[in-house]
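# Working through the structure, step by step
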Amino acid sequence: MFHFTLGAGRATMLSYTSYLLTAAAALLVTCHALCKCPGTPGLPAVTGLLGRDGLRGQPCLLSLMDSLDIELNNDLVNLRHRISRLEGVLALNGKIREVGDKILASNGKEVDFESGLGSCEEAGGTVATPMNEEENKAILDIVKQYNRYAYLGIKESETSGQFLYIDGTALNYTKWHPHEPNGKGAEKCVEMYTDGSWNDKKCNLRRLTICEF
Ligand code: MAN
Ligand code: CA
């Protein structure tokens, strides 16, 4: 979504947005001028390009609902554009990684598993949990950026050797280092090494906090 070429593409996007804004503003002005249609009982509903309610009496370009739709859609387009620009800034500065629908970020701090989870949840997210190769790579990117092992959002269940997501559901992807997991109930957390592979590990160590949102 954000490549760092902010040349012609961005200019096109801006001029397209300005075009949309101008078009919507023109429609709104027209609507305000023409939409005060007194109902004329008995006349057939006006259809086609006109208001979706089938307006009666003087023809209207847009119904009030249509003009509100345009206004809301306009707000939505502007919000999306602004969020996308903010994401571009954060990605450019190495503050976030985006993978699929997930946004990944670290506060750069190394703390035990529960503290890290607490920080992530307080910020509205949870501990980064790789659910496929692409997500694992994005988390690995941050591990490499800080050159620190990080805890993942995976824990061993009561059943020794069985690891689950924090919400208790079964793993659908794993990247265990050869011969891991080997803690047999004594290493209930999981850390990511700087090659992206996983090791089961005690939960009371200091590991990089990486959250997903
Ligand atoms: C240490 C710990 C274990 C890990 C082994 C691998 O003992 O980090 O979790 O499995 O090293 O040799
Ligand atoms: Ca281990």
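This is a predicted model, so every value here is computed, not measured.

Calculation rules
Residues numbered from 1 in each chain as written. Chains lettered and ligands numbered in written order. Predicted model: local features only at pLDDT ≥ 70, side-chain atom pairs only at ≥ 80, totals over all residues. Heavy atoms only, no water. Core = buried A, V, L, I, M, F, W, Y, C linked by side-chain atoms within 4.5 Å. Buried < 20%, exposed > 50% of the residue type's maximum accessible area, 1.4 Å probe, protein only. Helix = DSSP H or I, 4+ residues; strand = E, 2+ residues; numbered from the N terminus. Contact = heavy atoms within 4.5 Å. Disulfide = S-S within 2.5 Å. 1 Å grid on protein atoms, 1.4 Å probe; cavity = no way out; pocket = protein on both sides within 12 Å on 5 of 7 lines; lining within 4 Å. Points joined across faces, edges and corners; volume = space filled by probe spheres on them. Nonpolar A, V, L, I, M, F, W, Y, C, P; charged D, E, K, R; others polar. Expected span 1.5 Å × (residues − 1). Donors = N, O, S within 2.8 Å, 3.2 Å for Na, K, Ca; no water. Salt bridge = Lys/Arg side-chain N within 4 Å of Asp/Glu carboxyl O.

### A word on the nonpolar core
The biggest cluster of nonpolar side chains holds 19 residues, and the ones touching the most others in it are Leu104, Ile139, Leu152, Ile154, Met192, Trp198 and Ile210. Contributing elements (two or more residues each) for this core: helix H4 (133-146), strand E4 (150-156), strand E5 (163-165), strand E6 (189-192) and strand E8 (207-212). Those residues in contact with Leu104 that lie beyond four places of it in its chain are Lys95, Ile96, Arg97, Val99, Ala128, Ala138, Ile139, Ile142, Cys211 and Glu212.

### Some remarks on the state of the cysteines
For the structure shown, the criterion picks out two disulfides. Residue Cys120 pairs covalently with Cys211 via a disulfide, S to S 2.0 Å. The chirality of the disulfide connecting Cys120 with Cys211 is left-handed, given an S-S dihedral of about -85 degrees. Here Cys120, found in helix H3 (residues 113-122), pairs with Cys211, found in strand E8; they are 91 residues apart in sequence, far enough to count as distant. As far as burial versus exposure is concerned, Cys120 and Cys211 are alike and both buried. At a sulfur-sulfur separation of 2.0 Å, the disulfide partner of Cys189 is Cys203. Here the disulfide of Cys189 and Cys203 is right-handed, its torsion about the S-S bond being about 105 degrees. Here Cys189 is found in strand E6, whereas its partner Cys203 is found in the loop between strand E7 (198-201) and E8, with 14 residues between them in sequence.

### Here's the deal with empty space enclosed by the protein
Using a probe with the size of a water molecule, rolled over the atoms, empty space left in the structure can be pinpointed. For the structure on display, the rule yields two cavities of 30 Å³ or more. Along the walls of the largest cavity sit Val111, Asp112, Phe113, Gly116, Leu117, Cys120, Val127, Tyr151, Leu208, Thr209 and Ile210, which together make up its complete lining. When residues of the lining of the largest cavity are traced back to their parent elements, those giving at least two are H3 and E8. Considering every element that reaches the lining of the largest cavity, the biggest residue donor is H3, with four residues. Taken together, the residues of the lining of the largest cavity break down into eight nonpolar, two polar and one charged. By volume, the second largest cavity amounts to about 40 Å³. Residue lining of the second largest cavity: Gly94, Lys95, Ile96, Arg97, Leu104, Ala105, Ser106, Ile142, Gln145 and Tyr146, and that is the complete set. Elements with a minimum of two residues in the lining of the second largest cavity: strand E2 (102-111) and H4.

### A few points about helix H2 (residues 64-92)
Compared with the 42 Å implied by 1.5 Å per residue over 29 residues, the 42 Å span of H2 between its first and last C-alpha is a close match. Turning to H2, its buried residues are Asp66, Ser67, Asn74, His81, Glu87, Gly88 and Ala91. Positive phi shows up at Gly94, right after H2, with a value of about 70 degrees.

### Details of the coordination of the calcium ion (ligand 2)
Coordination angles at a metal have ideal targets, namely 109.5 degrees for four tetrahedral donors and 90 or 180 degrees for six octahedral donors. Looking at the metal site, the calcium ion (ligand 2) is ligated by Glu180 (OE), Asn182 (OD1), Glu187 (OE), Asn199 (OD1), Asp200 (O) and Asp200 (OD), spaced 2.2 to 2.6 Å from it. Look at Asn182 and you get partly exposed, because its relative accessible area is 38%. Note on Glu187: relative accessible area 18%, which makes it buried.

### Here's the deal with the pattern of salt bridges
Counting across every chain of the model gives nine salt bridges. The partner of Arg148 in a salt bridge is Glu110, with the nearest N and O atoms 3.3 Å apart. A residue pair is termed long-range when its members are at least 10 positions apart, and Arg148 in the loop between H4 and E4 and Glu110 in strand E2 qualify at 38 residues. Residue Arg148 is classed as partly exposed on the basis of its relative accessible area of 39%. For Glu110, a relative accessible area of 25% corresponds to the partly exposed category. Note that Arg207 and Glu191 form a salt bridge whose closest N and O atoms lie 2.6 Å from each other. Within this pair, whereas Arg207 is found in strand E8, its partner Glu191 is found in strand E6, the two being separated by 16 residues in sequence. Judged by its relative accessible area of 16%, Arg207 falls in the buried class.

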